[in-house]
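Structural description and commentary
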2 protein chains.
Amino acid sequence: MVTTRSESVLDGNPYRADCPSRRILDRIGDRWTVLIVGALHDGDVRFSELRRRIEGISQKMLTQTLRGLERDGLVRRTVHPEVPVRVEYSLTEAGRTLREPLRALEEWSIAHLGDVSVSQDAYDGADGPPPAAAERP
Amino acid sequence: MVTTRSESVLDGNPYRADCPSRRILDRIGDRWTVLIVGALHDGDVRFSELRRRIEGISQKMLTQTLRGLERDGLVRRTVHPEVPVRVEYSLTEAGRTLREPLRALEEWSIAHLGDVSVSQDAYDGADGPPPAAAERP
DNA sequence: CTGTATCCGCATGGATACTG
DNA sequence: CAGTATCCATGCGGATACAG
């Protein structure tokens, strides 16, 4: 159900600690959540497989982020009590619905990153450096 | 526009430092960017007015975040050389297009925050992590 | 295999003082 | 009015060691 209350900060409403924008960004704004949601797109995935899919993630952050997603009801955790214990993760229905808005964001990103890089170069006054090469004085 | 299927992490592609998801999240994942984009929805807004609209933001973070958005070409900065100097900010065309995917995310948030809270309560209340209170296949 | 526990560097961002 | 500069608390996230 969708409340039609217009508290949208995108319409210029004042910030509140509990506003939807802040809540959702607190959730997906971290380094790994979106990547985990992506890595879980095709059903049950084991912990170790997840580690392999998400290159660069540490064990700690994978566990920690999965716990957060599970707590939010976006990810389901299934333990198979076998000899070497097997744990599989998958998106819940709610988790799957999150992929839509995330995809919209990603498509915006893909469509505009080029322009953004150009703008950054112009802003920095760089006349030659390749994009993504950031210099910090 | 642009065909977007190259390397979407939402389709399970491996993480790379320059992947769109990471880039976009680095951009909007901070505490204030989305709120500023929202506060700029209705045209030219002065710095002081922006501070008033975004309750709780510090002067430093407002300036810093605006600089980042300007550098990315999402916000335009206009200085009016009057006696008390007047500076106005507005969204560029690119900045305006960002509102669409942000709105999608916010609407997801509004639609699901209730379920998320329920799931969190169940998770926190239960002895063991697996609640299975919010979802079933 | 799937975690938990601990230490710790570093970036984020808040508070404050100062400037043009 | 619209910043800039500086100090500093907090917490994210990486590395490592250990456990069920």
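Residues numbered from 1 in each chain as written. Chains lettered and ligands numbered in written order. Predicted model: local features only at pLDDT ≥ 70, side-chain atom pairs only at ≥ 80, totals over all residues. Heavy atoms only, no water.

As annotated in an unreviewed UniProt entry, chain A carries the name Transcriptional regulator and is attributed to Actinocatenispora comari.

Details of the sheet that holds strand S2 (residues 75-80) of chain B
All names here are of chain B. One open sheet holds the three strands; their spatial order is S1-S3-S2, and the pairing between them is antiparallel. The two strands at the open ends of the sheet, each matched to only one other strand, are strand S1 (45-46) and S2. Bridge count for S2 against strand S3 (residues 86-91) is six bridges, and the pairing is antiparallel. Within S3, the residue paired with Arg76 across the bridge is Ser90. Along the sheet, helix H4 (residues 59-71) makes contact with S2 and S3, crossing S2 at roughly 110°. (Pairing = 2+ DSSP bridges. Helix = DSSP H or I, 4+ residues; strand = E, 2+ residues; numbered from the N terminus. Contact = heavy atoms within 4.5 Å. Axes fitted to C-alpha atoms, helices over the stretch in contact; angles between N-to-C directions.)

Quick notes on the protein's contact with DNA strand D
Inspection of the region around DNA strand D gives 19 residues, with Arg31(A), Lys60(A), Gln59(B), Arg77(B) and Tyr89(B) positioned closest. If you look at DNA strand D and keep only atoms within 4 Å of the protein, 58% of those are sugar or phosphate atoms. At 3.4 Å from a phosphate oxygen of DNA strand D is found a side-chain nitrogen or oxygen belonging to Trp32(A). For DNA strand D, a phosphate oxygen lies 3.0 Å from a polar atom in the side chain of Arg67(B). Every element with two or more residues in the surface near DNA strand D is listed here: helix H4 (59-71) of chain A together with helix H3 (47-53), H4 and S3 of chain B. Broken down by element, the residue count for the surface near DNA strand D peaks at four residues, all from H4(B). (Near = heavy atom within 4 Å. Polar contact = N/O pair within 3.5 Å; in protein donor to acceptor, adjacent residues only side chain to side chain.)

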